[in-house]
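Chains, contacts and geometry: an overview
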Amino acid sequence: HTHPSTSPIHVVAGVVRDAQGRVLLAQRPPGKHLAGLWEFPGGKCEPDELPVDALARELREEIGIVVESARPLIAVPHRYPDKHILLDAWAVSTWSGTLHPHEGQRLAWVAPDELADVQMPAADRPIVAALRLPSRYLITPALPPGEDDALMRGIERACRNGVRLIQLRLPQWPSERIAGIGRRVRNLCHGYGAQVLLNDDWKLATILGLDGVHLPARIAAALDRRPLPPGYWVGVSCHDSAELAHAKRIGADFATLSPVYETPDHPHSTPLGLERFAELVAAAALPVYALGGLDGGGVEAAQMAGGQGVAAIRGFWRSA
């Protein structure tokens, strides 16, 4: 058992949305730790209280609303110089009552895409990424070069099926070929409101006007900071706690963690299983997708284990 003073303070926070999909923020009052910054409303969980009960109590006391249903979104362990907290964020699916700031704090409704410009505590940043990222992440299969039509067809099927985040990963294709099709992929995806990340090559990703990069673990390992500025997504492929910690350190926005289950692609990797996945995610301070042997049917299980959702090749390409 850790000494009481070193065990983290468990804080719950609610991501509350209005009918337009905007998110509610509260400003920290003068005199408080991190005064003036904007945060997701919530407060401390009492020692014997369930987090979901603490969430309901805090939101009722602070802003006068009744939480009707909520699900875990992301738990962020964070060390400030003077304290160690676990920020446990919940997505509030339905709520009722009249919003009223009981503690005189300023409240604001902010569109998710505008959250990047708001001054927030460091621990709240991963929550912003988690609420902006979808629950399904398609990684394109390793098609042979020249299969342009098959690639476009598969991506369009996935977009039609509601996939909104796609990693363009074409390991056998030379850069010129990827450059040749990259803009077509971008235009197609953006037409559906989907975002596209390019595997590995962040310079080409920016030239093509894509939404960011996904870094293989070995590439991320050689970096000491994120290769793209805020406003682009930076994802990292991870397989253990050290890689997850490094992804956070360099300022990545999210990670994939694999293999959760056995896959034909990596027959010699030992699968983590969902329980170990949950342990690793609990210690990670960024959104994490479960990858390996899962499809859309595994999204809920991955989220219950603390994950963002599921990343898949076959699972989202085939079902498409």
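Here is a short report on the structure shown in this document. As the structure is a computational prediction, the values presented were derived from the model and not from experiment.

Side chains Leu-165 and Gln-167 of strand 9 (residues 165-168) all project onto a buried face; the interleaved residues Ile-166 and Leu-168 project onto the opposite face, where all are buried too. Looking at chain direction, strand 8 (residues 136-139) and strand 9 are connected through two bridges and run parallel. Following the sheet pairing, Ile-139 is matched in strand 9 by Gln-167. Sheet analysis places strand 9 next to strand 10 (residues 195-199), joined by four bridges and oriented parallel. Bridge assignment links Leu-165 to a residue of strand 10, and that residue is Gln-195. With respect to chirality, the unit in which strand 9 leads through helix 4 (residues 175-191) into the neighbouring parallel strand 10 is right-handed.

Time to look at unusual backbone geometry. Omega for the peptide link from Ser-258 to Pro-259 comes to -10 degrees, which places this bond in the cis form. Phi at Asp-200 is positive, roughly 75 degrees, even though this residue is not glycine. If you trace the backbone, Asp-200 turns up in the loop between strand 10 and helix 5 (202-207).

We now examine the sheet that holds strand 2 (residues 23-27). In space, the three strands of this open sheet follow the order 3-2-7, with antiparallel pairing throughout. Sheet topology places strand 3 (38-39) and strand 7 (107-110) at the edges, where each strand pairs with a single neighbour. As paired elements, strand 2 and strand 3 share two bridges and run antiparallel to each other. Residue Ala-26 lies in a different strand from strand 3, and its bridge partner there is Glu-39.

By size, the foremost hydrophobic cluster in this structure holds 57 residues, and its most contacted members are Leu-151, Ile-155, Val-185 and Leu-215. Examining the composition of this core, we find that six residues originate from one element, helix 3 (residues 148-160), more than from any other. Setting aside residues up to four positions removed in sequence, Leu-151 forms contacts with Thr-140, Leu-143, Leu-168, Leu-170, Trp-173, Ile-181, Val-185 and Trp-317. Counting 25 residues, the second-largest nonpolar core is a separate cluster that includes Ala-13, Phe-40, Tyr-80 and Ala-130.

All buried positions along helix 7 (residues 241-249) are accounted for by Leu-244, His-246 and Ala-247. For helix 7, the angular spread of the buried residues around the axis is 160 degrees, confining them to a single face. Pointing more than 90 degrees away from the buried face of helix 7 are the exposed residues Ala-242 and Arg-249. The inward-facing, buried residues of helix 7 abut helix 6 (217-221), strand 12 (233-238), strand 13 (254-257), helix 8 (273-283) and strand 14 (288-291). A side-chain oxygen of the first residue of helix 7 lies 3.2 Å from the backbone nitrogen of Ala-242; this N-cap is Asp-240. Gly-251, located one to two residues past helix 7, shows a positive phi value of around 90 degrees.

On to the pattern of salt bridges. Side chains that differ in sign of charge can pair as their charged atoms come close. Under the definition given, this model contains nine salt bridges. Ionic pairing is found between Glu-46 and Arg-57, a salt bridge with its closest N-O pair at 3.9 Å. Residue Glu-46 is found in the loop between strand 4 (42-44) and helix 1 (51-63), and its partner Arg-57 is found in helix 1; the two are separated by 11 residues along the sequence. For Glu-46, a relative accessible area of 42% translates into the label partly exposed. Among the ionic pairs, Glu-279 bridges to Arg-276, the shortest N-O distance being 2.8 Å.

What follows is about the layout of surface pockets. Considering only enclosed or pocket space, the largest pocket measures out at about 730 Å³ in volume. What lines the largest pocket is a set of 29 residues, among which Ser-258, Asp-265, His-266, Leu-291 and Ile-313 lie closest to the centre. When contributions to the lining of the largest pocket are tallied by element, the ones reaching two or more residues are helix 6 and helix 10 (314-317). For the lining of the largest pocket, a count of residues per class yields nine nonpolar, 13 polar and seven charged. Considering only enclosed or pocket space, the second largest pocket measures out at about 570 Å³ in volume. Lining the second largest pocket are 21 residues; nearest its centre among them are Arg-125, Arg-226, Pro-230, Gly-231 and Asp-253. Considering every element that reaches the lining of the second largest pocket, the biggest residue donor is helix 2 (residues 125-132), with five residues. Tallied by class, residues from the lining of the second largest pocket come to 11 nonpolar, three polar and seven charged.

Here is what the cut-offs are and how they apply
- Residues numbered from 1 in each chain as written.
- Predicted model: local features only at pLDDT ≥ 70, side-chain atom pairs only at ≥ 80, totals over all residues.
- Heavy atoms only, no water.
- Buried < 20%, exposed > 50% of the residue type's maximum accessible area, 1.4 Å probe, protein only.
- Helix = DSSP H or I, 4+ residues; strand = E, 2+ residues; numbered from the N terminus.
- Pairing = 2+ DSSP bridges.
- Right-handed = clockwise from strand over helix to strand, strands pointing away.
- Core = buried A, V, L, I, M, F, W, Y, C linked by side-chain atoms within 4.5 Å.
- Contact = heavy atoms within 4.5 Å.
- Arc of directions from axis to C-beta.
- Polar contact = N/O pair within 3.5 Å; in protein donor to acceptor, adjacent residues only side chain to side chain.
- Salt bridge = Lys/Arg side-chain N within 4 Å of Asp/Glu carboxyl O.
- 1 Å grid on protein atoms, 1.4 Å probe; cavity = no way out; pocket = protein on both sides within 12 Å on 5 of 7 lines; lining within 4 Å.
- Points joined across faces, edges and corners; volume = space filled by probe spheres on them.
- Nonpolar A, V, L, I, M, F, W, Y, C, P; charged D, E, K, R; others polar.

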